[in-house]
Amino acid sequence: MTQILNGVRVLEVAEYGFVPSAASVLGEWGADVIKVEHAARGDQTRRLYSFDVGPGAGGFAPMWEPFNRSKRAIGVDIAIPAGREVILELAQRADVFITSFLPAARRKLGIEVDDLRAANPSLVYARGSANGQLGPDAERGGFDSLHFWQRSGVASAVSLGSPTPIQLPGIGFGDIQSGISLAGGIVGALFHRERTGEALEVDTSLLAQGFWAASASLVALNLVGREQKPLFDRKKLVNPLTNTYRTADDRWIVFAMVESDRYWARFCAVIGREELRDDPRFADAAARAENAAACIAVLDEIFASKPLAHWEPRLARQDGQYAISRQYGELNRDEQAWANHYLQQVDYGDGRSLTLVSAPVQFNREPSDLRPAPDFGQHTDEVLGELGHSQEDIARLRGLRAIS
């Protein structure tokens, strides 16, 4: 893929998923991303469990790999003066500094924007936070399960009819959405610096991303003066071809044929019920709306009579919009995703490989070149050598426990 950020150096001081995922996108687009981990303990995600999969499963840390591919990693204890000096040296040679650290930690460690701009006035300084940089909660941390999902109103909207709020649907779900926006903001800031010479601060937050996701719903509810969207009732939809239908093997097919008259005749043919096309109750969109309950009941019976394997090849022979409600494990078998290089098999060496998802943007229709996530401290000596440190000096810094 065209490396649009070739020659750009990014210095990352961040943990967990949100900000590291943004830096991984920048690395995928060609930037040299140097991830700084604590010299003794590393990034917390190296040790976290997910879906009952523990660290080290198959030689991988499941929450580390997707957020930290295509980077180099060094171990530095910024709280030690010699370690902070290493950070300042790196900042002098960087184009972007990106962090998830809270304001109090940034102040304590001396890595606020003014601290680093004293070393490099042209540094783009990017922050990813839970709540943004202003307001009463600016100093508080958080996670996507809270600020992207619950505080934004998204969780309550999808939990209608559930006895408890539905939890985040997957690992780092909101982190990854927020990270791609932060990556885009950084690229915009680099473009601005190229045009004007001005280095900007870049901010987004999990809360901002959650509100952005809910923005159209918020406008609609404000217009009608309601607090919540209506409870979805699939049996009352006026367009039966914008509905969900269960198959005999308990799978769901979801239709979104908003121009239903355009597709109705062919749809009836592929499901083997051409007589429905001429049924006066269902002859056009207006008739189907008037008799929606009856039409939905008929389609319920039809789709429930056969398994998904029966319906998939038949529905593929018509042009109306639909999708199978997939399970995460099925994504590995999605031919369209592989054809577009959305999924890539990344070689880690030693006979190990891992399927990773590439960033959702391509240039000139070319696939990105994903590289493995680094081992702990894998590039410490390499990066310090590039800064001009001798082996003796690197050994001295290790003796001070400033680096790993």
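Please refer to the structure higher up on the page.
Reading the values: the criteria
- Residues numbered from 1 in each chain as written.
- Predicted model: local features only at pLDDT ≥ 70, side-chain atom pairs only at ≥ 80, totals over all residues.
- Heavy atoms only, no water.
- Helix = DSSP H or I, 4+ residues; strand = E, 2+ residues; numbered from the N terminus.
- Buried < 20%, exposed > 50% of the residue type's maximum accessible area, 1.4 Å probe, protein only.
- Disulfide = S-S within 2.5 Å.
- Contact = heavy atoms within 4.5 Å.
- Axes fitted to C-alpha atoms, helices over the stretch in contact; angles between N-to-C directions.
- Parallel < 35°, antiparallel > 145°, perpendicular 65-115°, else oblique.
- Left-handed = near helix turned anticlockwise from the far one by under 90°.
- Pairing = 2+ DSSP bridges.

Participant: Whenever I open this one, unusual backbone geometry confuses me. Can you help?
Facilitator: Peptide bonds are mostly trans, and most non-glycine residues show a negative phi. Positive phi outside glycine occurs at D350, with the angle close to 55°. The topology assignment puts D350 in the loop between β10 (343-349) and β11 (352-357). The class of D350 is exposed, set by a relative accessible area of 78%. At R401, a residue that is not glycine, the phi angle is positive and equals roughly 65°. Along the polypeptide, R401 turns up in the segment after α17 (391-399).

Participant: Can you help me understand the state of the cysteines in this one?
Facilitator: Two cysteines, two sulfur atoms, one covalent bond between them: this is a disulfide. The final tally for this structure, using the stated rule, is zero disulfides. In this structure C268 is a free cysteine whose sulfur lies 7.8 Å from that of C295, the closest cysteine sulfur available. Of the residues examined, C295 reaches a relative accessible area of 1% and is grouped as buried.

Participant: Honestly, the side chain of S129 in this entry has me stumped. Any pointers?
Facilitator: Its location among the elements puts S129 in strand β5 (residues 124-129). Apart from the residues within four sequence positions on either side, S129 is in contact with F18, T204, S205 and L206.

Participant: Before we go on, may I ask you to explain the packing of helix α1 (residues 18-28) against helix α8 (residues 173-196) in this structure?
Facilitator: Geometrically, a packed helix pair is captured by the angle between its two axes and the distance between the axes. Where α1 contacts α8, the axes come no closer than 7 Å and their chain directions differ by 50°. By the angle between their directions, the pair α1 and α8 is classed as oblique. Between α1 and α8 lies a crossing whose hand is right-handed. Contacts between α1 and α8 involve F18, V19, S21, A22, V25 and L26 from the former and D175, I176, S178, G179, I180, L182, A183, I186 and V187 from the latter.

Participant: How should I be thinking about the sheet that holds strand β6 (residues 201-205) in this particular structure?
Facilitator: Within a sheet, neighbouring strands are paired by backbone hydrogen bonds and run either parallel or antiparallel to one another. Overall, parallel pairing links the six strands, which are arranged β3-β2-β1-β4-β5-β6 in an open sheet. The sheet is open, and its two borders are formed by β3 (72-75) and β6, each paired with just one other strand. Going across the sheet, the axis of each strand differs from the next one's by a mean of 20°, ignoring polarity. Pairing of strand β4 (residues 96-99) with β5 involves four bridges; the strand directions are parallel. When the bridges of β5 are listed, V96 appears paired with V124. Where helix α9 (residues 206-213) meets the sheet, its contacts fall on β5 and β6, and the angle it forms with β6 comes to roughly 60°.

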